[in-house]
Amino acid sequence: MKTILSFIILFVSLNTFSQTKKLEVTNNQTGKSILFQEAQRVKVTTVKREKLVGILTFENAESIAVNGVPVQIDNINSIKYFPKKGRALKNIVLGTGLGLVAGSGVAAAFGNGNAFSLFAIGAGTTVVGGLIGNSNKTYIKQRSTFKIIE
């Protein structure tokens, strides 16, 4: 019983006293802040327009790394949470819509009366596919302040 209690105390104390670094992004107008934690998948655009997509890690108090590529906090132009999950649905819907549009072209070439219907449905599906998955906000340097906290 004592060993179980000591293990529970050990795990609780490790979580309590361990400090994890986070990237705090604060909106300059509203003062609201959001935190990016280590091992999150992000998309970072630098001041030189270099785009980096990958796992976020912290090197020191002034720089982060995305897939091992170091980026100074001053060089971040924008950052966005960029999960992999939503991309598959978006690609499926977008591909279906484009396939229907291509099918309408083939149907029109053979004089089929359903060509316009296929085109309308395909165009609508393509627009919906383009809009899916854009729910994660991009935080831009002009409107936000970036800072690493512990």
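Preceding block: the structure.
First, a word on what this report is: a plain description of the structure on this page. (Residues numbered from 1 in each chain as written. Predicted model: local features only at pLDDT ≥ 70, side-chain atom pairs only at ≥ 80, totals over all residues. Heavy atoms only, no water.)

1. Re the sheet that holds strand β9 (residues 144-149)
Taken in spatial order, the 3 strands make up an open sheet running β2-β1-β9, and their pairing is antiparallel. Because the sheet does not close on itself, it has two edges, and the strands there are β2 (33-37) and β9. In this sheet, neighbouring strand axes are inclined to one another by 25° on average, regardless of whether the strands run parallel or antiparallel. As paired strands, strand β1 (residues 22-27) and β9 are joined by 6 bridges and run antiparallel to one another. From the neighbouring strand, leucine 23 faces β9, where its bridge partner is isoleucine 148. (Pairing = 2+ DSSP bridges. Helix = DSSP H or I, 4+ residues; strand = E, 2+ residues; numbered from the N terminus. Axes fitted to C-alpha atoms, helices over the stretch in contact; angles between N-to-C directions.)

2. Overview of the pairing of strand β5 (residues 63-66)
Judged by which residues are buried, β5 turns out to be covered on both faces: Ser63 and Ala65 on one side and Ile64 and Val66 on the other are all buried. Two elements, strand β4 (residues 51-58) and β5, share 3 bridges in a ladder whose sense is antiparallel. For phenylalanine 58, the partnering residue across the bridge sits in β5 and is isoleucine 64. A loop of 4 residues connects β4 with β5, the two strands running antiparallel in sequence. (Buried < 20%, exposed > 50% of the residue type's maximum accessible area, 1.4 Å probe, protein only.)

3. Some points on the sheet that holds β5
Within a beta sheet, neighbouring strands are joined by backbone hydrogen bonds and run either parallel or antiparallel to one another. As summarised here, the arrangement of the 6 strands in space is β6-β5-β4-β3-β7-β8, forming an open sheet in which the pairing is antiparallel. Of all the strands in the sheet, just β6 (69-72) and β8 (138-140) have a single pairing partner and so form its edges. Geometrically, the sheet is characterised by an average inter-axis angle of 40° between neighbouring strands, direction not taken into account. Inspection of the sheet shows strand β3 (residues 41-46) paired to strand β7 (residues 76-81) by 5 bridges, in the antiparallel sense. Bridge pairing links valine 42 to tyrosine 81 in β7.

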